[in-house]
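A look at the structure
So you can see what is in the structure, the chains are spelled out below.
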Amino acid sequence: MARALAALIAIALTAPLAAAQPILYINAGLTTGADDGSSWASAFRGPQALKRALDAAAPGSATQIWAAAGRYTPAPPAGPRRAAFNLKPGVSIYGGFAGGETSLDQRDPTAHITILSADLNGDDALDKQGDNTIHLVIADGVDASARIDGVTIRGGYAWGVDGGVGVSDTEGANILIRGGAPVFANCTISDSFAVDGAGAAILDNAAPLFSDCTFTRNTVQGLGGGAWISPGSSARFLRCAFLANRGGNGAGLFNGGIFPGGPVASAVVEDCSFIDNFGDIGLGAGPGAYDTSAAVFTDCTFRHNTTGAGGGGLFCDGSSTTINRCTFIDNEGSFDGGDAVYITGDASPVFTSCAFLAHSGPFSTRASGATIVIGSSTPSFTNCTFANNNLGGTFFGVGVIYSFGTTTDIRIDNCIFWNNRDRFGAGQSAAVFLEAGVHAFINHSLVQGWTGSLPGQASFAADPLFSDLDGPDGFAGTADDDLRLSPTSPAIDSADNTALRPAPGLDLAGAPRFIDDPATLDTGVGTSPLADRGALEFIPACRADLTGDGLADFSDYLEFLNLYDAADPRADFTFDGLIDFADYLDFINLYDAGC
């Protein structure tokens, strides 16, 4: 009996240890110790330490590998080019350790750089990438329990011929994902070469997550320098940056297949930036991003991407792309027009609360030179702002939006076109120029130089009265421009609520739509509160002043109670779509603060 009780006590004492997640330690620079991965002092050591730790970790074991700063390769010098770090389910790799830490939150990936390198021979500085590994990291059917976090993944070289046996030597130089849903976080994915998907190739119905990652200096001949999502696969990119990637179509990101119309590839891209990507002349369309399927971009920035083809920021090819609250600034599409966006192939992208600013690149042989070029498609633009674009060439350059496709049907609602110029000046053609046969409707928009010759309703030429169109530096199109509306702007409370999608939605800065300005007469369409025209909603300086007399007093309190009792949307001070006690508390706080 005593022995049985002792055994039960032993089991109870050891159970927490058995349930704890095991850790394997690696340190490429360590020269002493047991070399078994059991502690920092006994860490697996040497450049192949990570490879050995992955071999030692059992699949599904919920193992963490903690990697000290250093350079890790999947094989020794002159090793096989097919050597790779093969991820396992349940095994997570964390970089950024100095060595000696006891918890994950003590690591610092910025200070202690952990590099997974395809450069087996250490000769990349001599421009000898051709002997690097073909695929550096392979995720083959692993689920979200397989994770890489806080490392640099660089130098893969998938530029050869197809290797057969289900493995392509032309795709996924740094990361090859085939099926599954692995997670990559806080990673830098850089300096790789491939025909397609140099930074990451996402194949075979895969669905990975990339969060807080940077794709930089990756080069392709074909599709997707930073990342390529193949038909049938999907991916989510959260707070990622695509910087200075180069090559063919979608130098930053390519979503879909070479030809539209196949299986859907789905990309969800949130709070990401596409900057300084370059598309090679003749092929490199959409160097920021290229979509042939159903990508969704939200809160993204496309800046200074350059191409020798079309669509400097974004190329929509037969796609149903959704673009919410994105900014396009100073992109260049020189060969086929479309400095910011090129839309073709019966595409139907939807742009909501976006800004297109400061485009002035070389001009197209189509005589467009436009910020957005549209051919044979049905795009819509809702609550967008087009400002400070200069299209004025001697021979080319008309229309911030230019369309030549006879099967094109364009919808423009609640937009602002101001301070744009083409070769004819700052008139209507600098805003929208349509070739014969193009159908377009421009509704409830402010268009500089508006003549009324284009179809639509409630559009007119009036200065939107931006807060500071050219900013303190006096130069329009620079970072200090302030395109918020001034209190007397004709854009305030004059939009068509029914056109907004998604509703209720947010504006470009993340503020709620449908904020009523009591000092402005409602002139739009729908039930008050009415949205404003353009990408940015006007927010009154004193929201508690519901009567518009410049004071927050008892009359405003009574007005709020009336609105609250009537469940009027103007009483929704928390902007959650509900009229409840939280709105009352929010109003009281603003009321107490006064004007």
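Below is a short write-up of the structure. All values reported here derive from a predicted model rather than from experimental measurement. (Residues numbered from 1 in each chain as written. Predicted model: local features only at pLDDT ≥ 70, side-chain atom pairs only at ≥ 80, totals over all residues. Heavy atoms only, no water.)

1. A closer look at the overall build of the chain
The number of helices and strands found in the chain is four helices and 49 strands. When the backbone C-alpha atoms are referred to their principal axes, the chain occupies close to 85 × 65 × 45 Å. Expressed as a percentage of the 595 residues in the chain, the buried residues total 54%. Within the chain, counting contacts between residues at least 6 apart in sequence, those at least 24 apart form 74% of the total. Carbon and sulfur atoms make up 57% of the accessible area of the chain, which amounts to about 22600 Å² in all. (Helix = DSSP H or I, 4+ residues; strand = E, 2+ residues; numbered from the N terminus. Buried < 20%, exposed > 50% of the residue type's maximum accessible area, 1.4 Å probe, protein only. Contact = heavy atoms within 4.5 Å. Areas by Shrake-Rupley, 256 points an atom, 1.4 Å probe, with all protein chains shown as cover.)

2. Overview of the sheet that holds strand 27 (residues 278-279)
Taking strand neighbours across the sheet as the criterion, the seven strands line up as 11-15-19-23-27-31-35 in an open arrangement whose pairing is parallel. The open sheet terminates on both sides in strands that have one partner only, identified here as strand 11 (157-158) and strand 35 (332-333). Pairing between strand 15 (residues 193-194) and strand 19 (residues 219-223): two bridges, direction parallel. When the sheet's bridge partners are listed, A194 is paired in strand 19 with V220. (Pairing = 2+ DSSP bridges.)

3. Focus on the sheet that holds strand 8 (residues 137-140)
The twelve strands are arranged 5-8-12-16-20-24-28-32-36-39-42-45 in an open sheet whose pairing can be described as parallel. The two strands at the open ends of the sheet, each matched to only one other strand, are strand 5 (85-86) and strand 45 (432-434). Examined bridge by bridge, strand 16 (residues 200-203) and strand 20 (residues 227-229) share three bridges and lie parallel to one another. The partner of I202 across the bridge, within strand 20, is I229.

4. A word on the side chain of T408
Turning to its location among the elements, T408 is positioned in the loop between strand 42 (401-403) and strand 43 (409-413). Judged by its relative accessible area of 0%, T408 falls in the buried class. Contact partners of T408, with chain neighbours within four places excluded, come to I374, G375, S376, S377, S403, V438 and H439.

5. Structural notes on the pairing of strand 36 (residues 341-344)
A regular strand carries its side chains on alternate faces of the sheet. Looking at chain direction, strand 32 (residues 314-317) and strand 36 are connected through four bridges and run parallel. Within strand 36, the residue paired with D317 across the bridge is T344. Pairing between strand 36 and strand 39 (residues 372-374): three bridges, direction parallel. Bridge pairing in strand 39 places V341 opposite I372.

6. Brief notes about the nonpolar core
In this structure, F210, F237, F297, F351 and F381 are the most contacted members of the largest nonpolar core, which totals 95 residues. Contacts of F210, omitting those with residues within four sequence positions, involve I175, I177, F184, I189, A200, I202, F215, R236, F237, L238 and C240. Counting 18 residues, the second-largest nonpolar core is a separate cluster that includes A355, W418, L446 and F466. (Core = buried A, V, L, I, M, F, W, Y, C linked by side-chain atoms within 4.5 Å.)

7. A few points about the environment of A75
Secondary-structure assignment places A75 in the loop between strand 4 (70-72) and strand 5. Its relative accessible area of 4% is what places A75 among the buried residues. The sequence separation of A75 and K51 amounts to 24 residues, and the corresponding C-alpha distance is 7.9 Å. With residues up to four places along the chain from it excluded, the contact list for A75 reads Q48, P80, A83 and L120.

8. A word on helix 4 (residues 581-593)
Residues spaced three or four apart along an α-helix face the same direction, because each turn holds 3.6 residues. Over its 13 residues, helix 4 extends 19 Å from the first C-alpha to the last, a length consistent with the 18 Å expected when each residue adds 1.5 Å. Turning to helix 4, its buried residues are D583, F587 and I588. Looking straight down helix 4, one finds that the buried residues subtend no more than 135° of arc, so they occupy a single side. Of the residues in helix 4, the exposed ones pointing more than 90 degrees away from the buried face are F581, N589, D592 and A593. Where helix 4 is buried, its residues touch helix 3 (554-565). Taken from the residues just after helix 4, G594 is the one with a positive phi, measuring 75°. (Expected span 1.5 Å × (residues − 1). Arc of directions from axis to C-beta.)

9. Overview of the state of the cysteines
Covalent bonding between the sulfur atoms of two cysteines is what defines a disulfide. Considering all chains together, one arrives at one disulfide under this definition. Disulfide pairing is shown between C542 and C595; the S-S distance is 1.9 Å. Because the sign of the S-S torsion sets the handedness, a value of about -65° for the bond joining C542 and C595 places this disulfide among the left-handed ones. You can see C542 sitting in the loop between strand 49 (482-485) and helix 3 and its partner C595 sitting in the segment after helix 4, a full 53 residues away along the chain. For C542, a relative accessible area of 14% puts it in the buried group. Exposure remark for C595: the relative accessible area of 57% places this residue in the exposed category. (Disulfide = S-S within 2.5 Å.)

10. A word on the environment of G155
As for its placement among the helices and strands, G155 is situated in the loop between strand 10 (152-154) and strand 11. Given a relative accessible area of 3%, G155 falls into the buried group. Along the chain, G155 and A198 lie 43 residues apart, while their C-alpha atoms are 9.5 Å from each other. Excluding residues that lie within four positions of it along the chain, G155 makes contacts with A118, D124, N132, N174, S190, D191 and S192.

11. What to know about the pattern of salt bridges
Under the criterion given, the structure shown has 15 salt bridges. With a shortest N-O distance of 3.0 Å, R82 and D169 are connected by a salt bridge. Pair noted here: R82 is in the loop between strand 4 and strand 5 and D169 is in the loop between strand 11 and strand 12 (175-178), with a separation of 87 residues, a long-range link. Here D169 falls in the buried class, since its relative accessible area comes to 10%. A salt bridge links D568 to R570; the shortest N-O distance between them is 3.1 Å. (Salt bridge = Lys/Arg side-chain N within 4 Å of Asp/Glu carboxyl O.)

12. Some points on the environment of L357
Mapping L357 onto the fold places it in strand 38 (residues 355-357). Considering only alpha carbons, one finds L357 and I329, 28 residues apart in sequence, at a separation of 4.7 Å.

13. Quick look at the side chain of D556
Tracing the backbone shows D556 in helix 3. Here L546 takes part through its backbone nitrogen, which lies 2.9 Å from a polar atom of the side chain of D556. Setting aside residues no more than four positions away along its own chain, D556 makes contact with A544, D545, L546, T547, D549, L551 and F587. (Polar contact = N/O pair within 3.5 Å; in protein donor to acceptor, adjacent residues only side chain to side chain.)

14. Some details on the pairing of strand 1 (residues 23-27)
For strand 1, the tally of buried residues reaches four of five residues, placing the bulk of the element in the interior. In terms of strand pairing, strand 1 meets strand 3 (residues 63-68) through four bridges, oriented parallel. In the strand pairing of strand 3, I26 is matched with A67. Bridge count for strand 1 against strand 2 (residues 44-45) is two bridges, and the pairing is parallel. Bridge assignment links N27 to a residue of strand 2, and that residue is R45.

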